[in-house]
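# Commentary on secondary and tertiary structure
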Amino acid sequence: MLASEAGISPDLYPSEDDLVYEEEILRNPFSLKLWWRYLVARAGAPFKKRSVIYERALKALPGSYKLWHAYLRERLDLVRSLPISHPAYESLDNTFERALVTMHKMPRIWIMYLTSLTEQRLLTRARRTFDRALRALPVTQHDRIWAPYLALVSLPGVPVETSLRVYRRYLLFDPSHIEDFIDFLITSQRWQEAAERLASVLNDDSFHSIKGKTRHQLWLELCDLLTRHATEVSGLKVDAIIRGGIRRFTDEVGRLWTSLADYYVRRGLYEKARDIFEEGLNTVTTVRDFSVIFESYAQFEQSALSAKLETVEGSDEEGDQDEENGKDGITKLTKKFLHGFWLNDDDDVDLRLARYENLLERRPELLNSVILRQNPHNVKEWHNRVKLFEGNPARQVLTYTEAVRTVDPMKAVGKPHTLWVAFAKLYESHNDLENATKIFEKAVQVNYKAVDNLASVWCEWAEMMLRHKNFKKALELMRRATAEPSVEVKRRVAADGNEPVQMKLHKSLRLWSFYVDLEESLGTLESTRAVYERILDLRIATPQIMLNYAFLLEEHKYFEDAFKVYERGVKIFKYPHVKDIWVTYLSKFVKRYGKTKLERARELFEHAVEKAPAEDVKPLYLQYAKLEEDYGLAKRAMKVYDQAVKAVPNGEKLNMYEIYIARAAAFFGVPRTREIYEQAIESGLPDKDVKTMCMRYAELERSLGEIDRARAIYVFASQYADPRSDPDFWKKWKDFEIQHGNEDTFREMLRISRSVSASYSQTHFILPEYLMQKDQKLNLEEAVDTLKRAGVPEDEMAALERQLAPAPANVPVSDGSRVMNFVSAGVESQPDGRKVTANNEDIELPEESDSEDENIEIAQKDVPAAVFGDLARNVAEDQDKGAAAEDNGSNSNLGALERIKRQRRR
């Protein structure tokens, strides 16, 4: 006993501090809590001493997971900084083995042990331990073991066969991770099995990728695998697989075709690869796929050409060396016999170069074929295809033949008849009229979508005959085209229920227009008139055709017949189409007969203006008035002008009144125009036009010396002119008063200006236009300030305007008119010749006068209380009654409203 103790270090024995824990353990050695307290208390002790405590505790409690886990964790931390060849690792592994005797159902212990073995790179031992763990643990916990197991077999240096077997076992446990196995096979360059596994995945309709890959992506991966490793993969039908992808995934057709061709290239089957490229170019339907295939095809041909050039250069060098070194007799004999035989010619550089150039030359044609496969009824693309073969009539004929057979007129994009016309013109350009005629014969039998298409074919056919001076044939074609189908044909078509365009051709306006042009040029007058009459009978005539018919008759001196045509035209058509017919008819009639048939001309004009709408009646009235001026009476001309100004729309009334006034002044003198001016002002013209007319009227009166009348007109027009937005009017009135007025009339103008300004401000509460244009963002306070600066009090002037809204007592003016809302002009002429003031009670002006003449002294007058009505009474009740006595002597300096207030208080 003492000898054995002599080999143990004294530090491992319990110290005095440990006696407490030792005594407790002696009393109860199977208490985990006591052992754990002992270990926690000796947390700072050396590991050897703690290991002794762990070993004693585990000997007493071998089934304690807590003790084993803590012990193994400390041993792992101890060896972490040591090299893997250190003996401590062996001791650690033995400890794990002892722990697994009782902890074989604990996955965490297994994972710790397996991780340690993996770090030690003990591959065989780790693999066997993984197998033991899988056998020991329940299957529900195998997923925790497989993750580090797969990491182990994926390490460099692990035999591939071992890894494959592990992965295959793993797929038996979880088949959904087959994508990881495929990736591992690709990484391990096991192309055959990778392709087989990927094909099986694609054949499984229930497969769902855990990596989020679509079947499209998996299919492309399989195609890439098969094509890039064509020589390593066998047993799979690569051609069928890729073609299946082409049929299934239409958005990657170009890539799949190039993959299939690449597969044959890698296998050395170059002609088969060319066939695949050609097939792909002739089947794709998108330009993108075409570009992918064509670029790959061109690169393949270029690579083949380059490789052949390098081979030829290398063989020339070897041939020179063989000639120097000498050759075998049999080789020389073979070379001699096969020399020049084309099948034995290895130098096919010219052939490969021709292939490459031919491919590049065919690109526009191939691209056009792709577009036509998208829509074979695209007429424009067929024309473009014909242009590609310019200079090759045979190919153009074949292309046109294919086009007219392929394009369905009902589905065509564009005008299908242009194909037939261009086809016939191709033969015509080569002086083959017989075949061109045959083409047109077939073209007119096609059931087009629109009648105009068929009519265009007939017209082109006739034009071809005209170009070759066959005028008789051209007229026969037009008669044949415009012939109405027989009753029997109509009945048969009605029974079928599908009416072709040929049944409607005889009503084609384009065809009849061309026919009538031919008759006018080549036929007689009678035949031309017959064609025109037939057009009228079919009710397909247009206003232009009516005019042409009438012009034709006039050229041949059939004037009455021409006028009958005009009459028929105005009965057939309505406005606005009949406008040109009326204007031409009336002008021609007046020019022809003048004053000889004046009454008939008047009836025509009356009928014309009666039917015409307001916007089209002005030229007719002017033409009517011109007739009366030239051949009739001036009085009737004035009557026509009077009717015209009432009939035209408001926008043209001002211009019409100007013409009316000018003609009246020319015929009857200037005084006669006064009635017209008054009529214009009262006719309901727009305010702007009324103001313009008033200014011209006033200028007329001023020129005649009628100053009072001119002033009254200015007073009337002032209600339409805001002083702040229309300063021109007020400047003109101001100049007039300065030149012809006096102090009273000038003051009256200023008063009216202020009243009008207040009216526009208070009634509408809008700012002048120039202020709104200057600043669109004026707020309410700025607007009120602007009105104050204009001399308009906020509350008082508003109330004053409401009281003054009724018109004051009637004040006569020179022309008997009265201006609403304003006092009449200042000075008027009385019958006895003296001048009196029309309004003796003016609102006094402030000290700051707008007059430019500062030397004029303006007398102030009181405003009668009757002007204000109840306004002054209502305001006076709200004021202080003691203010009247304080300012009794200063009434002469107060405003009108304030004086009224104070008088009411008294």
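Residues numbered from 1 in each chain as written. Predicted model: local features only at pLDDT ≥ 70, side-chain atom pairs only at ≥ 80, totals over all residues. Heavy atoms only, no water.

- As recorded in an unreviewed UniProt entry, the chain goes by the name Pre-mRNA-splicing factor SYF1, listed as coming from Cocos nucifera.
- In its Sequence similarities (unreviewed entry) section, the UniProt record describing the chain reads: "Belongs to the crooked-neck family."
- Within the UniProt record for the chain, the comment given under Subcellular location (unreviewed entry) is "Nucleus". (UniProt positions renumbered as here; feature names shortened; annotations may be inferred.)

## Side note on helix α35 (residues 634–647)
- When the terminal C-alpha atoms of α35 are compared, their 20 Å separation across 14 residues agrees well with the 20 Å that a helix rising 1.5 Å per residue should span.
- When we look at burial in α35, the residues that qualify are A637, M638, V640, Y641, D642, A644 and V645.
- On its buried face, α35 sits against α34 (618–631), α36 (650–668) and α37 (673–682). (Helix = DSSP H or I, 4+ residues; strand = E, 2+ residues; numbered from the N terminus. Expected span 1.5 Å × (residues − 1). Buried < 20%, exposed > 50% of the residue type's maximum accessible area, 1.4 Å probe, protein only. Contact = heavy atoms within 4.5 Å.)

## A short note on the environment of D687
- For D687, the position within the fold is in helix α38 (residues 687–703).
- In the structure, D687 is positioned 32 residues away from Q719 in sequence and 9.4 Å away in space, judged by C-alpha atoms.

## With respect to the nonpolar core
- W458, W582 and W733 are the most contacted members of the largest nonpolar core, which totals 130 residues.
- Aside from chain neighbours lying at most four places away, what touches W458 is V444, L477, M478, R480, A481, L505 and L511.
- In terms of nonpolar packing, the next biggest core, distinct from the first, is built from 101 residues, Y21, I145, V233 and V284 among them. (Core = buried A, V, L, I, M, F, W, Y, C linked by side-chain atoms within 4.5 Å.)

## Let's talk about the environment of A474
- Within the element layout of this structure, A474 appears in helix α26 (residues 471–482).
- Between the C-alpha atoms of A474 and M464, which are 10 residues apart in sequence, the distance is 8.3 Å.
- Each residue touching A474, except ones within four places of it in the same chain, is listed here: A462, M465, L466 and L518.

## Here's the deal with the pattern of salt bridges
- As enumerated under the stated definition, the model contains 36 salt bridges in all.
- K211 is the partner of D183 in a salt bridge, and the nearest nitrogen-oxygen pair spans 2.5 Å. Of the two residues, D183 sits in helix α11 (residues 178–187) while K211 sits in the loop between α12 (191–203) and α13 (215–228), which places them 28 residues apart along the sequence.
- E560 is paired through a salt bridge with R600; the nearest N and O atoms lie 3.9 Å apart. Of this pair, E560 sits in helix α31 (residues 559–572) while R600 sits in helix α33 (residues 598–611), and the two are 40 residues apart along the sequence.
- For E560, a relative accessible area of 31% gives the class partly exposed.
- A single network of salt bridges, built from pairs that share partners, joins E271, R274, E301 and R355. (Salt bridge = Lys/Arg side-chain N within 4 Å of Asp/Glu carboxyl O.)

## Considering the packing of helix α32 (residues 579–593) against α33
- At a minimum axis separation of 11 Å, α32 and α33 run at an interaxial angle of 165 degrees. Taken together, the axis directions place α32 and α33 in an arrangement best described as roughly antiparallel. Here α32 runs over α33; the crossing is left-handed. The segment α32 lies against α33, with W582, Y585, L586, F589 and V590 engaging R600, A601, L604, F605, H607 and A608. (Axes fitted to C-alpha atoms, helices over the stretch in contact; angles between N-to-C directions. Parallel < 35°, antiparallel > 145°, perpendicular 65-115°, else oblique. Left-handed = near helix turned anticlockwise from the far one by under 90°.)

## Side note on the packing of aromatic side chains
- Applying the stated criterion across every chain, the model contains 20 aromatic pairs.
- Between F440 and W461 the ring centres are 5.8 Å apart and the planes differ by 10 degrees, which places this aromatic pair in the stacked class. Of the two residues, F440 is situated in helix α24 (residues 433–443) and W461 in helix α25 (residues 451–467); the sequence distance between them amounts to 21 residues.
- A residue is classified by how much of its surface remains accessible, and W461, at 0% relative accessible area, is buried.
- Over the aromatic face of Y264 sits the side chain of K272, whose NZ or CZ is 5.7 Å from the ring centroid. (Phe/Tyr/Trp six-rings, centres within 6.5 Å; stacked < 30°, edge-to-face > 60°. Lys NZ or Arg CZ within 6 Å of the ring centre and 35° of its normal.)

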